[in-house]
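This is what each chain is made of:
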Amino acid sequence: MGVLEVILTGVALSMDACAVGMTNGMTAKKLKPSQALIIALFFGVFQAAMPLIGYFIADMVATNFMEVFEKAASVIAFILLVFLGAKMIVDAIKEMCKKCECTCEEGCIGERLRYGKLTLQSVATSIDALAVGVTLRMLQMTEKGLALGLFGSVGVIGGLTFALCVGAVYLGKLIGNKLADKAGLAGGIVLVAIGVKLLLEGLL
């Protein structure tokens, strides 16, 4: 796998993380640079870690089980994202009914985006990268191998995800400012939609 192929793979893998990162930005009433970096860091680290894990378990996952493995990953991602999305939708509806405003000092992101929730989002959007790790293991055994090596490849994947997610979070923030109190509802719908997309991609 050449350098360009690794970069394209990293961009492709980062798309779901960027979409979820946008929803985090949309639901933030106040967004500090450090908070945007933390969100992007979570997605970047998990996006790099999953292929690494997949690489090392490749020998334990027979090729004829790969299809089942990929479907299971898509189902898990679907469940996590739909759960998070549904919760966001319910919370948004409750807030719209109460017409309450966030008064916390750190902004609503401190209330809505806890590390546990961010971890679930990161796992859900990166779990399909386990299969990419298995692919990297297979490619390394070919004559061409991996141009950047294992750690170079996963580093590029994680780095691209981090960089793109920073931009996605701020883009989501801009959209959220336009949507005002409907941002949480829109963000929840986006998460559910991404979960359904991942499920269909894994099953079809």
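Read on for a plain summary of the structure. All figures in this text were calculated on a predicted structure; none of them were measured in a lab. (Residues numbered from 1 in each chain as written. Predicted model: local features only at pLDDT ≥ 70, side-chain atom pairs only at ≥ 80, totals over all residues. Heavy atoms only, no water.)

1. Digging into the nonpolar core
Convention followed: Among the buried residues, those of types Ala, Val, Leu, Ile, Met, Phe, Trp, Tyr and Cys that are joined through side-chain atoms within 4.5 Å form a nonpolar core. Categorising residues by exposure relies on relative accessible area from a 1.4 Å probe, with only protein chains included: less than 20% of the type maximum marks a residue as buried, more than 50% marks it as exposed, and the intermediate range marks it as partly exposed. A run of H or I in DSSP becomes a helix once it reaches four residues, and a run of E becomes a strand once it reaches two; helices and strands are each numbered from the N terminus. The contact definition used throughout considers only heavy atoms, calling two residues in contact when any of these lie within 4.5 Å.
F43 and C165 are the most contacted members of the largest nonpolar core, which has 19 residues in total. When contributions to this core are tallied by element, the ones reaching two or more residues are α1 (3-26), α2 (33-56), α3 (66-98), α5 (115-126) and α7 (149-179). Sorting elements by how many residues they give to this core places α2 first, with 5 residues. In this structure F43 touches A17, V20, G21, N24, L118, Q121, S122, T125, T161 and C165, once residues within four positions along its chain are discounted.

2. Overview of the side chain of S153
Inspection of the secondary structure assignment puts S153 in helix α7. We classify S153 as buried; its relative accessible area is 0%. With residues near it in sequence (within four places) discarded, S153 still touches V6, L146 and L148.

3. Here we look at the packing of aromatic side chains
Selection criterion: Stacked, edge-to-face and tilted are the three classes for Phe, Tyr and Trp ring pairs, Trp counted by its six-membered ring, which pair at centre distances within 6.5 Å; planes under 30 degrees apart are stacked, over 60 edge-to-face, the rest tilted.
Counting across every chain of the model gives 2 aromatic pairs. When the ring of F42 is compared with that of Y115, the centres are 5.7 Å apart and the planes differ by 10°; the resulting orientation is stacked. Residue F42 is found in helix α2, and its partner Y115 is found in helix α5; the two are separated by 73 residues along the sequence. Its relative accessible area of 54% is what places Y115 among the exposed residues. Plain terms: the ring middles of Y55 and F56 are 5.3 Å apart, the flat faces sit at 85° to each other, and that makes the pair edge-to-face. On the basis of relative accessibility, which here comes to 52%, the residue F56 falls in the exposed class.

4. A short note on a nonpolar patch on the surface
Filter applied, for reference: Residues qualify for a patch when their relative accessible area is over 30% and they have no salt bridge, like charges being joined within 9 Å and the nonpolar side chains of Val, Leu, Ile, Met, Phe, Trp and Tyr within 5 Å. Reported accessibility uses the Shrake-Rupley method at a 1.4 Å probe radius. Residues are deemed covered only where the shown protein chains occlude them. Salt bridges are defined by distance alone: a side-chain nitrogen of Lys or Arg within 4 Å of a carboxyl oxygen of Asp or Glu.
A contiguous nonpolar surface patch, about 200 Å² in accessible area, is contributed by V3, I7 and L148. Note that L148 resides in the loop between α6 (129-140) and α7.

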